[in-house]
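# Observations on the three-dimensional arrangement
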Amino acid sequence: MPTKYADIAKAPKDILSEDYSTKVTLKAKKNAGPVAVTLETARGTGGALSSKVGTKAPADDTVTMPTKYADIAKAPKDILSEDYSTKVTLKAKKNAGPVAVTLETARGTGGALSSKVGTKFAYAGLSFDKVQLTADGGQVLETSLVPCEGVKLSFKGNKGADLGIDYTKGNIFATGVLDVKDMSRFSTSACLGLDSGFTVGGDATYALSGKTGFSAYNVGASYSQGKLFTSVTSASKLSSVNIGCVYKVNPELSVASSTTHTSEKACTVNAIGAAYKAPIGDVKAKIGSDGMISACLIKEVAPKVTLTASGTVSTSDLSNFKYGIGIVM
């Protein structure tokens, strides 16, 4: 483990220098709620007593668990982006022995139904995370393999083909993705969990064909402590900054906001919303800078059957209401 240069010879000093004293002292420590109080008293050469009183907040030695850089701002996105939909869908999952089969059906704008059939299973240490046939005749294949602790290799094939690697150790989470179909790009990211709720990271994409060089790069950080979560991430090669915040008012209610800041415009409020664990289910609502109001209800209507009902309307045209219904079973 790393150490300060001042402590490089600490072991012999502990034996030969520490704890030898000709003083008479008393040191008392006491926690008073969130504050640690220390009283130090020493007897002088004439017998007089001298004291020192100090205080400090208890140290927070918590190390934030590692996360992908893509998820560094996940908390506000979950409230402001997830589960809002204007589609009518049904997703049915069924285990057939060692194989899990999934059937997804969606209703199109004209009322026609389109379906996707998929499965997942594992064999000889290789996980087939998604083997899917889509309504347009497409095919999707996603596999993963864990050759050793902390390393996960993956392959995702659809219209393209990407070979990926995830590496986790301690408080580090790093990823790499190579386009093996066209050999056009390589993407990487890294995230580091620090003490006291901080997470820092960044990502970059390097173009391997055409105009070679870095086609994208960004950095970000998040902080989580108590009821507050805040994330700061850059976009468009550091040309703009996105700030997301979540405040947990109580165990049932959380409020969130998302803003963007650029040199051209100091602040753009993307959305403000809230999530509430109501007796009837989980309720989320938001209003965007475009005047769109959205809300959704997520409820388990039967064992292992979840209903998501959502609606969206513009403040400038209340008659144009769009709804969505999703059932997962």
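Since this is a predicted model, take the numbers as computed values, not measurements. Note that residues are indexed from 1 along each chain, following the sequence as it is written. Local features in a predicted model are, by the rule used here, given only for residues with pLDDT of at least 70; side-chain atom pairs are given and counted only at 80 or more, and totals for whole chains, interfaces and linings are based on all residues. Excluding hydrogens and water, the side-chain values take into account all heavy atoms of the structure.

### Brief notes about the overall build of the chain
Looking only at helices and strands, one finds two helices and 22 strands in the chain. Over its C-alpha trace the chain gives a radius of gyration of 28 Å, far above what one expects of a compact globule, namely 20 Å for 329 residues. Taken over the C-alpha atoms alone, the chain extends approximately 95 × 50 × 50 Å along its principal axes. Burial classification: accessible surface area is computed with a 1.4 Å probe over protein chains only, and a residue below 20% of its type maximum counts as buried, one above 50% as exposed, and the rest as partly exposed. Taking all 329 residues of the chain together, the buried fraction comes to 24%. Contacts are residue-level and defined by heavy atoms, with any inter-residue pair within 4.5 Å sufficient. The long-range fraction of contacts in the chain, counting pairs at least 24 apart against all pairs at least 6 apart in sequence, stands at 23%. Each accessible area value is a Shrake-Rupley result obtained with a 1.4 Å probe; residue values ignore everything except the protein chains displayed when judging cover. Carbon and sulfur atoms make up 61% of the accessible area of the chain, which totals about 21,900 Å². Note on conventions: DSSP H or I runs of at least 4 residues are helices, E runs of at least 2 residues are strands, and numbering of each starts at the N terminus. Our radius of gyration looks at C-alpha atoms and nothing else; its globule reference is 2.2 Å times the residue count to the power 0.38.

### Looking at the state of the cysteines
Disulfides are defined as cysteine sulfur pairs within 2.5 Å. Tallied over the full model, the rule gives zero disulfides. Of all cysteine sulfurs, the one in Cys245 lies closest to Cys267, which takes part in no disulfide; the gap is 11 Å.

### Re a nonpolar patch on the surface
A contiguous nonpolar surface patch, about 870 Å² in accessible area, is contributed by Leu163, Val180, Met183, Phe186, Tyr206, Leu208, Phe214, Tyr217, Val219 and Leu238. For the nonpolar patch, the element with the highest residue contribution is strand β14 (residues 213–225), accounting for three residues. Relative to the elements of secondary structure, Leu163 occurs in strand β10 (residues 161–169). Leu163 gets classed as partly exposed once you look at its relative accessible area, which sits at 44%. Each patch is built from residues that are more than 30% exposed by relative accessible area and take part in no salt bridge. Like charges join if they lie within 9 Å; nonpolar side chains (Val, Leu, Ile, Met, Phe, Trp, Tyr) join within 5 Å. Just to be clear on terms, a salt bridge is a Lys or Arg side-chain nitrogen sitting within 4 Å of an Asp or Glu carboxyl oxygen.

### Regarding the nonpolar core
Within the largest apolar cluster, seven residues are counted, these being Ile79, Leu80, Phe229, Val246, Ala256, Ala271 and Ala275. Broken down by secondary-structure element, the contributors of at least two residues to this core are α2 (74–80) and β18 (268–278). Once you skip the residues sitting within four places of it in the chain, Ala256 turns out to touch Ile79, Leu80, Cys245, Val246, Ala271, Ile272 and Gly273. What we call a nonpolar core is a set of buried Ala, Val, Leu, Ile, Met, Phe, Trp, Tyr and Cys residues that are connected through their side-chain atoms within 4.5 Å.

### Details of the packing of aromatic side chains
Geometrically, a pair of aromatic rings is defined through the distance of the ring centres and the angle of the planes. Two rings from Phe, Tyr or Trp (for Trp, the six-membered ring) form a pair when their centres sit within 6.5 Å of each other. Planes less than 30 degrees apart are called stacked, planes more than 60 degrees apart edge-to-face, and all others tilted. If you walk through the whole model with that rule in mind, you get three aromatic pairs. Between the aromatic rings of Phe198 and Tyr223, the centroid separation amounts to 4.6 Å while the plane-to-plane angle is 40°, which identifies the pairing as tilted. Placement of the pair is Phe198 in strand β13 (residues 198–207) and Tyr223 in strand β14, with a sequence separation of 25 residues. For Phe198, a relative accessible area of 39% puts it in the partly exposed group. Here Tyr223 falls in the partly exposed class, since its relative accessible area comes to 26%. Ring plane angle 85° and centroid distance 5.2 Å describe the contact between Tyr206 and Phe214, whose orientation is recorded as edge-to-face. Given a relative accessible area of 52%, Phe214 falls into the exposed group.

### With respect to the side chain of Ser234
Structurally, the position occupied by Ser234 is in strand β15 (residues 228–235). Under the relative-accessibility criterion, Ser234 is labelled buried at 13%. In terms of polar contacts, Ser234 uses its side chain to reach the side chain of Asn218, at 3.0 Å. Excluding residues that lie within four positions of it along the chain, Ser234 makes contacts with Asn218, Val219, Ser240 and Val241. Polar contact is defined as a pair of N or O atoms within 3.5 Å, subject to the rule that within protein one atom must be able to donate a hydrogen and the other to accept it, and that residues adjacent in sequence are counted only when both atoms are side-chain atoms.

### A few points about the pattern of salt bridges
Per the counting criterion, the structure on display carries six salt bridges. Salt-bridge contacts for Lys74 lead to Asp78; the nearest nitrogen and oxygen are separated by 2.8 Å. Of this pair, Lys74 and Asp78 are both found in helix α2, four residues apart, which corresponds to roughly one turn of the helix. One salt-bridge network, held together by shared partners, links Asp162, Asp179 and Arg185.

### With respect to the environment of Leu318
If you trace the backbone, Leu318 turns up in strand β22 (residues 317–328). For Leu318, a relative accessible area of 62% gives the class exposed. As a C-alpha pair, Leu318 and Met292 span 26 residues in sequence and 9.9 Å in three-dimensional space.

### A few points about the pairing of strand β17 (residues 253–262)
Here, any two strands with at least 2 DSSP bridges between them count as paired. Where strand β16 (residues 240–248) and β17 come together, nine bridges link them in antiparallel fashion. Bridging from a neighbouring strand, Cys245 pairs with Ser257 of β17. Linkage of β16 to β17, two consecutive antiparallel strands, is achieved through a turn of four residues. With eight bridges connecting them, β17 and β18 associate as antiparallel partners. Across the sheet, Thr260 pairs through a bridge with Thr268, a residue of β18. Count of turn residues in the β17/β18 antiparallel hairpin: five residues.

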